[in-house]
Amino acid sequence: MITIIGHLFDPVTLLAIIAGILLVALFQNGAGALGRALLALRALVTADPARDRDAARATMLKIDQVAQLRGLACADRVKTASPFLTDAARKLANCDRTDQFELWAGQALADRAQRHGAVHKAWLSIADAAPALGMAGTIIGLVGMFAAMDDPAALGPAMALALLTTFYGVVIANVVAAPIAARLIDLSEQELAWQREAVTRMLAIARRENAPIRRGAIREVA
């Protein structure tokens, strides 16, 4: 069994397949999207949407309390580890009208969804390219095998190349790239869900506090 597994690992062939797949993904998505796709691998280990959602809800309670006690202009004084909530609270505190914040929030969420979509597309393109590159390697191996029919010693390596490239393509597509893409899509949906929930809560607070009037009252007192 160990001997068979050893035959399945050919570093040169594997690196050639990976390089070809990354080259195809680069042409399809661009260097920026491919780089973000590789950096997104960290999220597979570190991301915890449920924790972030609970932290966001706790932060929204604090913002609500601050808005009631000190006015909406003080919303950005609430500290949070989330860059999105920090930006949203700052924008909420500095917007003179609720519709300005609503416009910013809609655009920010749309931009974030677009960036996530580019990462998902990159991993899906890797999953699509892997079997094709594997099949190309198989064809090369078969050509080499038929070209060396009069040399029995050359048949084995050519056949191994033909089979290994297909094997690597299938494994990379179905065991690596596709599951990564599916996991990232799920994480993205959960992240965007709690961020939309936070924006909805902020809009409700802003409408309740009647931002322009409250800000004017705070300036007069100051």
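Attention here is on the structure that accompanies the text.

What counts and what doesn't
- Residue numbering note: each chain is counted from 1, following its sequence as written.
- Residue-level local features of this predicted model are given only where pLDDT is at least 70; pairs of side-chain atoms are given and counted only at 80 or more, and the full residue set underlies all totals for whole chains, interfaces and linings.
- The side-chain values count all of the structure's non-hydrogen atoms but skip hydrogen atoms and water molecules.
- Only the stretch in contact is used when a helix axis is fitted, and all axes are lines through C-alpha atoms; the angle between N-to-C directions ranges over 0 to 180 degrees.
- Elements are defined by DSSP. Helices are runs of H or I of four residues or more, strands are runs of E of two residues or more, and each kind is numbered from the N terminus.
- Each angle is binned into one of four classes, with values under 35 degrees roughly parallel, values over 145 roughly antiparallel, values of 65 to 115 roughly perpendicular, and all other values oblique.
- Here a residue-residue contact requires only that any non-hydrogen atoms of the pair lie within 4.5 Å.
- Amino acids are sorted into nonpolar (Ala, Val, Leu, Ile, Met, Phe, Trp, Tyr, Cys and Pro), charged (Asp, Glu, Lys and Arg) and polar (every other residue, Gly among them).
- Aromatic rings from Phe, Tyr and Trp, taking only the six-membered ring of Trp, are treated as a pair when their centres fall within 6.5 Å; an angle between ring planes under 30 degrees marks them as stacked, one over 60 as edge-to-face, and anything in between as tilted.
- Here's how the labels work: a residue is buried when its accessible area is under 20% of the maximum for its type, exposed when over 50%, partly exposed in between, all with a 1.4 Å probe on protein chains only.
- Any carboxyl oxygen of Asp or Glu that lies within 4 Å of a side-chain nitrogen of Lys or Arg is treated as forming a salt bridge with it.

1. Considerations on the packing of helix H4 (residues 49-70) against helix H7 (residues 152-209)
At step 1: The interhelical angle for the contact between H4 and H7, taken along N-to-C directions, is 10 degrees, at an axis separation of 10 Å. Classed by the angle they form, the pair H4 and H7 counts as roughly parallel. Across the interface between the two elements, Pro49, Asp52, Arg53, Ala56, Arg57, Met60, Leu61, Ile63, Asp64, Ala67 and Gln68 of H4 pack against Leu187, Gln190, Trp194, Glu197, Ala198, Arg201, Met202, Ile205, Arg208 and Glu209 of H7.
At step 2: Residues of the contact of H4 with H7, tallied by class, amount to eleven nonpolar, two polar and eight charged.

2. Looking at the packing of aromatic side chains
The description of an aromatic ring pair uses the distance of the two centres, along with the angle that the planes make with each other.
At step 1: What the rule picks out here adds up to four aromatic pairs.
At step 2: For the pair Phe84 and Trp194, a centre-to-centre distance of 6.4 Å together with 85 degrees between the ring planes defines the contact as edge-to-face. With a gap of 110 residues between them, Phe84 in helix H5 (residues 83-94) and Trp194 in helix H7 connect regions that are remote in the sequence. Here Phe84 matches Trp194 in class, with each residue buried.
At step 3: Ring geometry for Phe167 versus Tyr168: centroids 5.8 Å apart, planes at 50 degrees, classification tilted.
At step 4: Assessed through its relative accessible area of 36%, Phe167 is described here as partly exposed.
At step 5: According to the relative accessible area criterion, Tyr168 is buried, its value standing at 5%.
At step 6: Taken together through their ring pairs, the aromatic side chains of Phe84, Phe101, Trp104 and Trp194 make up a single cluster.

3. Observations regarding the pattern of salt bridges
At step 1: Under the definition given, this model contains ten salt bridges.
At step 2: The closest approach of N and O atoms between Glu197 and Arg57, which form a salt bridge, is 2.8 Å. Taken together, the residues Glu197 in helix H7 and Arg57 in helix H4 connect sequence positions 140 residues apart.
At step 3: The class for Arg57 is partly exposed, based on a relative accessible area of 39%.
At step 4: Note that Asp64 and Arg201 form a salt bridge whose closest N and O atoms lie 3.2 Å from each other.

4. What to know about the packing of helix H2 (residues 11-39) against helix H6 (residues 98-147)
At step 1: One way to put it is that H2 packs onto H6 with a least axis distance of 8 Å and a crossing angle of 175 degrees. Of the possible angle classes, the one that applies to H2 and H6 is roughly antiparallel. Contacts between H2 and H6 involve Ile17, Gly20, Ile21, Val24, Ala25, Gln28, Asn29, Ala33, Leu34, Arg36, Ala37 and Leu38 from the first element and Ala118, Val119, Lys121, Ala122, Trp123, Ser125, Ile126, Ala129, Ala130, Leu133 and Gly134 from the second.
At step 2: Of the residues in the contact of H2 with H6, the class split is 16 nonpolar, five polar and two charged.

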